[in-house]
Amino acid sequence: MSGSVVDGSLLVALPVAVLAGLVSFASPCVLPLVPGYLGYVTGLTGEDLENRRRTRMLAGATLFVAGFTAVFVLMGYWVGVVGESLYRYNDQISRGLGVVVIVLGLIFAGLAPRLAGSWRPSIRPAAGLAGAPVLGVAFALSWTACSSPTLGAILGLGMTSPDRGMLLATFYCLGLGLPFLFAAVAYKRASESFDVLRRHRLAITRFGGAMLVLIGVLLVTGLWSQLMVTVQGSIAGFEVAL
């Protein structure tokens, strides 16, 4: 992985992956459900959540995040395996992927209602810490039109290799998972912060959709590859002063 980590394309893609995770968390499909998720994975009532039993809440949230992270990173690995085996068609795949990402962006922004929808596996783990990672797995396997497209776009950017796919998925999970942990350790303060996000949920989905469409256009036109070459050239010409 060492060779790919210093690759210019990753220096651009990793922040995009974190931002995509944050946008997914702030989407209408995830943010309003945060109190419910925290209550389910800890087995606490609403009153207990308000009283901020931090140790149990953090443990439940961590197990929940670990559950969906394991699935997403595994997805990133297998997407990278498939992409690596088809490397000779990299240019065609990138352009085709760009079209898919554009469509995903339109779905995320709510501009393609016929393609919108949701699906969740019929997994009903027991409430509490034991069921927290299982709920995380169920969360990862679900499809929701206002959160899953961002993951799809990030996984697409990781098709070059398994290492790259896993790394991008990990950074996506950082953006998606850290707000859950913040909510667990500072529930009241987090609730106040999330109220601001709820009031701007439409702007957030529009921004997320526009971000995906922009990435898709760059992929279709080949400008993404040119941007990566430029960034990589800048890195190659950088010298650390001693």
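What you see is a predicted model; the values in this text were computed from it and never measured. (Residues numbered from 1 in each chain as written. Predicted model: local features only at pLDDT ≥ 70, side-chain atom pairs only at ≥ 80, totals over all residues. Heavy atoms only, no water.)

Draft legend 1. Representation of empty space enclosed by the protein within the structure. The final tally for this structure, using the stated rule, is 1 cavity of 30 Å³ or more. Estimated volume of the largest cavity: approximately 30 Å³. Considering the residues around the largest cavity, the lining is formed by Val34, Pro35, Ala183, Tyr187, Ala190, Ser191, Phe194 and Arg198. Elements with a minimum of two residues in the lining of the largest cavity: helix H3 (34-42) and helix H10 (187-199). Counted by class, the lining of the largest cavity contains 6 nonpolar, 1 polar and 1 charged residues. (1 Å grid on protein atoms, 1.4 Å probe; cavity = no way out; pocket = protein on both sides within 12 Å on 5 of 7 lines; lining within 4 Å. Points joined across faces, edges and corners; volume = space filled by probe spheres on them. Helix = DSSP H or I, 4+ residues; strand = E, 2+ residues; numbered from the N terminus. Nonpolar A, V, L, I, M, F, W, Y, C, P; charged D, E, K, R; others polar.)

Draft legend 2. Focus on the packing of helix H6 (residues 90-108) against helix H11 (residues 201-221). Viewed as axis vectors pointing N to C, H6 and H11 meet at an angle of 165 degrees, and their least axial separation amounts to 7 Å. With respect to H11, the element H6 is oriented roughly antiparallel. Classified by chirality, the crossing of H11 by H6 is left-handed. Contacts between H6 and H11 involve Ser94, Arg95, Leu97, Gly98, Val99, Val101, Ile102, Leu104, Gly105, Leu106 and Phe108 from the first element and Ile204, Thr205, Gly208, Gly209, Leu212, Val213, Ile215, Gly216, Val217, Leu219, Val220 and Thr221 from the second. Its residues placed into classes, the contact of H6 with H11 shows 14 nonpolar, 8 polar and 1 charged. (Axes fitted to C-alpha atoms, helices over the stretch in contact; angles between N-to-C directions. Parallel < 35°, antiparallel > 145°, perpendicular 65-115°, else oblique. Left-handed = near helix turned anticlockwise from the far one by under 90°. Contact = heavy atoms within 4.5 Å.)

Draft legend 3. The environment of Ser27, seen in detail. In this fold, Ser27 is placed in the loop between helix H2 (8-26) and H3. What makes Ser27 buried here is its relative accessible area of 0%. Taking the C-alpha atoms as reference points, Ser27 and Ile204, 177 residues apart in sequence, are found 7.0 Å from one another. Setting aside anything within four residues of it in sequence, one finds Ser27 in contact with Pro32, Phe108, Cys146 and Ser147. (Buried < 20%, exposed > 50% of the residue type's maximum accessible area, 1.4 Å probe, protein only.)

Draft legend 4. Focus on a nonpolar patch on the surface. Together, Trp119, Ile123, Val134 and Leu141 line one region of the surface with nonpolar side chains, adding up to about 340 Å² of accessible area. Checked against the element boundaries, Trp119 lands in strand S1 (residues 118-119). (Patch = residues over 30% accessible without salt bridge, like charges linked within 9 Å, V, L, I, M, F, W, Y side chains within 5 Å. Areas by Shrake-Rupley, 256 points an atom, 1.4 Å probe, with all protein chains shown as cover. Salt bridge = Lys/Arg side-chain N within 4 Å of Asp/Glu carboxyl O.)

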